[in-house]
Every structure is written in structure tokens, then in C-alpha cells.
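Architecture at a glance
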Amino acid sequence: MLIAILQFDLLIHGSTSLKDKRRVVSSVKDRLHREHMAAVAEIGSLESHSVARLGLALVGSDEKYLAQTLDRIALKLRALHDAELGDCRRDIIAGREPDEMDPVEIDLPDPFLAQELLRHADSTNSDHKAP
């Protein structure tokens, strides 16, 4: 699994309020999500009227495809009419394969709680079984 990350600043010219900024930021976030299935969030400069720092993430298995997608996104950001692309940083990181992951251990301090959870799980599973 690969995770592609793009962190960037949008310089929003002519913005006089947070409402103006939010309009531009929401439009950019919606467009990038819709066109590239990317997760996008505002991650900084929250109180500034004229600058928005955003983070974008993509998950995939093909590094070349992810890099090309980040390039296409950066080109779209450079072509925006309502904002100018400022600082931009990109990273592609590799996650661990499922067989390399450590098993998760849950430590329940109260054995009574563990019994109740198991009883609840059993009753929930029996409710969903076909008659």
C-alpha cells in the first residue's frame, strides 16, 4: 500500500473574510475529491483570511500512477482563478503489508466486561442469521 500526500498553501487574493476564504477552499476541496477521489482537509492557517493550508491524500498500489495524479492536481491548483498556489510539498510513503503488521492485542482489565462483550457479540450475530 502506498500513500501519496500533497501539502499546499492557497493564497486567496481579494478575500476580506473567513466566509470568502471558505467559499474558495470548499470549492477546491470538492473539486479535488470529485475528480481524483482524494481526501482533502484544511490543516493550517485557519484564522487567516488570505491563506489556506490544505492536505490531500491518495491511497494506491502504483507509485507511478500516484505521482502522475499528484502532478495533475498541482497543475489544476496552478490554474485556479480564485487562488494562487503557494508552497507545495509532496511525499509518497509505503505502508506495511498486512502480513507484516503486528497483531492487535486488547487488554481488558475486567473479566466481567470481557464476558459481557462476548455475550453481546454472540447475541448480535444470532440476530443477523437467516432463519
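Residues numbered from 1 in each chain as written. Predicted model: local features only at pLDDT ≥ 70, side-chain atom pairs only at ≥ 80, totals over all residues. Heavy atoms only, no water.

Formed by 23 residues in total, the largest nonpolar core has its most connected members in Phe-8, Leu-10, Leu-32, Leu-56, Leu-58 and Leu-77. The element contributing the most residues to this core is strand β1 (residues 2–11), with 5 residues. Residues contacting Leu-77, with those up to four places away along its chain left out, are Leu-6, Phe-8, Leu-10, Val-28, Leu-32 and Leu-85. (Core = buried A, V, L, I, M, F, W, Y, C linked by side-chain atoms within 4.5 Å. Buried < 20%, exposed > 50% of the residue type's maximum accessible area, 1.4 Å probe, protein only. Helix = DSSP H or I, 4+ residues; strand = E, 2+ residues; numbered from the N terminus. Contact = heavy atoms within 4.5 Å.)

Moving on: the side chain of His-36. Inspection of the secondary structure assignment puts His-36 in helix α1 (residues 18–36). Given the relative accessible area of 14%, His-36 is considered buried. Within the structure, His-36 has its side chain in polar contact with the side chain of Lys-76 (distance 2.9 Å). Among all residues touching His-36, those that are not within four sequence positions of it are Leu-58, Thr-69, Arg-72, Ile-73 and Lys-76. (Polar contact = N/O pair within 3.5 Å; in protein donor to acceptor, adjacent residues only side chain to side chain.)

In this structure, Thr-69 sits in helix α2 (residues 63–78). A distance of 2.9 Å separates a polar atom in the side chain of Thr-69 from the backbone oxygen of Tyr-65. Dropping the residues within four chain positions of it, Thr-69 is found in contact with His-36 and Leu-58.

A word on the pairing of strand β3 (residues 51–60). Where β1 and β3 come together, 10 bridges link them in antiparallel fashion. Bridging from a neighbouring strand, Phe-8 pairs with Leu-54 of β3. In this antiparallel pair of consecutive strands, strand β2 (residues 39–44) and β3, the connection spans 6 residues, and Ser-45 shows a positive phi of 55 degrees. (Pairing = 2+ DSSP bridges.)

The N-to-C vectors of α1 and α2 enclose an angle of 145 degrees; their axes lie 12 Å apart at closest approach. For the element pair α1 and α2, the recorded crossing hand is right-handed. Where α1 approaches α2, its residues Val-28, Arg-31, Leu-32, Glu-35 and His-36 are matched on the opposing element by Thr-69, Arg-72, Ile-73, Lys-76 and Leu-77. Along the lines of polarity and charge, the residues of the contact of α1 with α2 split into 4 nonpolar, 2 polar and 4 charged. (Axes fitted to C-alpha atoms, helices over the stretch in contact; angles between N-to-C directions. Left-handed = near helix turned anticlockwise from the far one by under 90°. Nonpolar A, V, L, I, M, F, W, Y, C, P; charged D, E, K, R; others polar.)

What follows covers the pattern of salt bridges. Using the criterion set out here, one finds 8 salt bridges in the structure. With a shortest N-O distance of 3.1 Å, Glu-42 and Arg-22 are connected by a salt bridge. With Glu-42 in strand β2 and Arg-22 in helix α1, the pair connects residues that are 20 residues apart, well separated along the chain. Ionic pairing is found between Asp-71 and Arg-90, a salt bridge with its closest N-O pair at 2.4 Å. Of this pair, Asp-71 sits in helix α2 while Arg-90 sits in strand β4 (residues 84–94), placing them 19 residues apart in sequence. Look at Asp-71 and you get partly exposed, because its relative accessible area is 42%. Through salt bridges with shared partners, one network takes in Lys-21, Arg-22 and Glu-42. (Salt bridge = Lys/Arg side-chain N within 4 Å of Asp/Glu carboxyl O.)

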